[in-house]
Amino acid sequence: MDGKNLLAGILAVTASAWTSPAQAQEEKPNVLMILSHCLGFSDLGCYGGEIETPNLDQMAADGIRLTNFHNQCSRTPSMVHLISGLDPHRFGAVEGRKKGYLKTIDKTKNEFAHHNLPALFSQHGYNTLISGHTYGWSPGLTGFKEPVGVLKDTMALEWKGGKPPEGRKPTKDDVVYKTEQSSLLLAEKIKEQKEPFFAMFLSRFSMYGLFAKEDDIASFHRRYQRPVSTLAMERYQRLVKKGLVHADWPWVNPIGKEEEGVVGSKNARLFTDADLVKDPDWKVPYGSAGVREPRDFAELMAVYAAQTRVLDRSVGHLLKTLEDKGIRRNTIVIFAVLQGADAHSGSKGVTWAKLNAVPFQGRRRTTYSGGVTTPTILSWPAKTTPEAKGSINRTVSSHGDWMPTLLQAAKIPYAAKDAEGRSVPGPDGRSLLPAFRGEHVPTTLSNPLFLEILSRKAVITDDWKWIKSERGAGKLYNLKTDRLETRDVAADNPDVAAKMHAAFNAWGDEVGAHADLYSNDKNKEKLKRYR
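Residues numbered from 1 in each chain as written. Predicted model: local features only at pLDDT ≥ 70, side-chain atom pairs only at ≥ 80, totals over all residues. Heavy atoms only, no water.

Undergrad: Could you give an account of the overall build of the protein, with specific residues and numbers?
TA: A tally of helices and strands in the protein yields 16 helices and 18 strands. Burial statistics for the protein: of 531 residues in total, 60% are counted as buried. A separation threshold of at least 6 residues defines the contact pool for the protein, and within that pool the share at least 24 residues apart is 75%. With an accessible surface of roughly 20,600 Å², the protein has 50% of that area assigned to carbon and sulfur atoms. (Helix = DSSP H or I, 4+ residues; strand = E, 2+ residues; numbered from the N terminus. Buried < 20%, exposed > 50% of the residue type's maximum accessible area, 1.4 Å probe, protein only. Contact = heavy atoms within 4.5 Å. Areas by Shrake-Rupley, 256 points an atom, 1.4 Å probe, with all protein chains shown as cover.)

Quick look at the structure:
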């Protein structure tokens, strides 16, 4: 899918009413959204991981951790969901579809071309900033006034100052992390702000490459020379101790004996600061990892851990800037993830992805919780009650909730019509502001969360989760007693399964999740299987 063309087509500026500048200046918070590309549920220290993430841990201690937040199975649908406030199926923004399987981009790009979160903020007195990896689409087309430190390639390392030093031989001290440099550039821009701002920082670590500095890799290498099943068990135990997982929920260790020490990706290649010093002109091909094979199985995860620590350090630069500027208290900071644990070709492989996803099963591009449930932290000191500070909130939530949450927080109205007078559908999500008061937002079959990718579908409420693949029978999990999805109870609860299946089909008709399958006789049998 061409993310650049998609977002350029569907994310145009929305026009709506202004509030008074004085009221906006007095009441409106700043917003900083920090988005990671790939992370598993238990990778961060505050979510039970063995990787030290002190800045995110402190953010969690002062804010709220969500344990039931869902991405849209992959990064492009998640970004469309976040930016537009509408389910990505409305735009045909679902990865892996063959041409004609869903409504095409050309057919849909003008249908909802008025949903744009940063543009709405821009129209209501906010400056809008973006930094980091934008996946190839133009920030200017999505309402961002000031792109700074925008990255366009997949390589995580670069020369300090953008090029090798002149007049001397380069050393590893001349090499820096691109993600961290982008965060520093955004931090400098935040220091200059004199008006409320909406800022977004995107990290692309851990997807298309195993890049890190050798010293950072070495600091984790020994840690991952232990059995992966043991590491998984230790993560699970920390999750239980922290209260993120209930001890009475059944759990199955996902790592089998046959997986220990097996490099899951045959294409895994590393690239370090030493490699760049050796070949200063080397450029990474898109989708490629690096130049050398890992020394051993442990080094794959050591690189991932090093990248995660740099991500945390980047978060620290931004949070410190807010503190130093004296605006941390009235800045909403959101940390979220665009897609879950990943075993992408050229990356660390399936076994380590299973560790990332503990305590869940599944990974990216599935609708099991290991792929769609990711760490999410909310922080707004000015509005966080003592009861909510440091709390765990189990509200079923998704990237579609950011639109109503942030508009409500900033007192920005959701336009009833677009600039051309067309009716605008309400956002598909709901406000999560009650979380700052320690409240749970209920999710029932009247307002469930729907997910779908590659004919893998899910319907989620507080109590139940229904899953079905294209060819398989539907499965049902009782989330009250089996949040970790270990026992299918569809046969014991046929009425519940049938209602959730029917709800999915009705939703699919509404948003176009299988629209083009109706178009000709050739697809009738496939449609029966899909539904």
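Undergrad: So what's going on with the packing of aromatic side chains? Which residues, and what values?
TA: Each aromatic ring pair is characterised by the separation of its centres together with the angle its planes make. Applying the stated rule across the entire model yields 15 aromatic pairs. Measuring from centroid to centroid gives 5.2 Å for Phe41 and Tyr47, while their planes differ by 85°, and the two rings are edge-to-face. Take Tyr47: its relative accessible area is 0%, and that puts it in the buried class. Ring centres of Phe450 and Trp507 lie 4.9 Å apart, and the angle between their planes is 10°; this geometry places the pair in the stacked category. Pair noted here: Phe450 is in strand β15 (residues 449-453) and Trp507 is in helix α15 (residues 494-511), with a separation of 57 residues, a long-range link. Phe450 sits in the buried class, given a relative accessible area of 13%. The rings of Phe121, Tyr126, Phe144 and Phe198 are connected pair by pair, giving a single aromatic cluster. (Phe/Tyr/Trp six-rings, centres within 6.5 Å; stacked < 30°, edge-to-face > 60°.)

Undergrad: Before we move on, can you summarise the side chain of Asp401 with the specific residues and values?
TA: On the secondary structure map, Asp401 appears in the loop between β14 (397-398) and α14 (402-410). Although Asp401 is buried, it forms no salt bridge, and the closest oppositely charged side chain is Arg430 at an N-O distance of 4.2 Å. Only 2.9 Å separates the side chain of Asp401 from the backbone nitrogen of Ser398, close enough to count as a polar contact. In this structure the side chain of Asp401 is engaged in a polar contact, spanning 2.8 Å, whose partner is the backbone nitrogen of Arg430. Filtering out sequence-adjacent residues up to four positions away, Asp401 remains in contact with Val396, Gly429, Arg430 and Leu432. (Lys, Arg positive; Asp, Glu negative; His and termini not counted. Salt bridge = Lys/Arg side-chain N within 4 Å of Asp/Glu carboxyl O. Polar contact = N/O pair within 3.5 Å; in protein donor to acceptor, adjacent residues only side chain to side chain.)

Undergrad: Residue-level account of α15, with values.
TA: The end-to-end C-alpha separation of α15 is 26 Å, in line with the 26 Å expected for 18 residues at 1.5 Å each. Buried residues of α15: Ala497, Met500, Ala503, Phe504, Asn505, Trp507, Gly508 and Val511, and no others. Note on α15: the residue one or two positions beyond its end, Gly512, has a positive phi of about 85°. (Expected span 1.5 Å × (residues − 1).)

Undergrad: Any details on the packing of helix α9 (residues 228-242) against helix α12 (residues 350-357)? Residues and values, ideally.
TA: Orientation of α9 relative to α12, taken along the N-to-C sense of each, is 15°, at an axis distance of 9 Å. Between α9 and α12, the interaxial angle falls into the category roughly parallel. Crossing handedness for the pair α9 and α12: right-handed. Here Val228, Leu231, Ala232 and Arg235 of α9 come into contact with α12, specifically with Thr351, Trp352, Leu355 and Asn356. A per-class count over the contact of α9 with α12 returns 5 nonpolar, 2 polar and 1 charged. (Axes fitted to C-alpha atoms, helices over the stretch in contact; angles between N-to-C directions. Parallel < 35°, antiparallel > 145°, perpendicular 65-115°, else oblique. Left-handed = near helix turned anticlockwise from the far one by under 90°. Nonpolar A, V, L, I, M, F, W, Y, C, P; charged D, E, K, R; others polar.)

Undergrad: Lay out the sheet that holds strand β11 (residues 331-339) in plain terms, naming residues and giving numbers.
TA: Pairing in this open sheet of 8 strands is mixed, and the strands run β5-β4-β8-β1-β11-β12-β2-β13 from one edge to the other. Each of the sheet's edge strands pairs with one partner strand only, and the pair in question is β5 (146-151) and β13 (391-393). Across this sheet, the average inter-strand angle for adjacent strands is 15°, counted without regard to direction. Of the strand pairs in this sheet, strand β4 (residues 127-133) and strand β8 (residues 197-203) are connected by 6 bridges, and their pairing is parallel. Among the inter-strand pairings, Gly132 is bridged to a residue of β8, identified as Leu202. The sheet strands contacting helix α7 (residues 178-191) are β1 (30-38), β4, β5 and β8, and the helix crosses β5 at an angle near 165°. (Pairing = 2+ DSSP bridges.)

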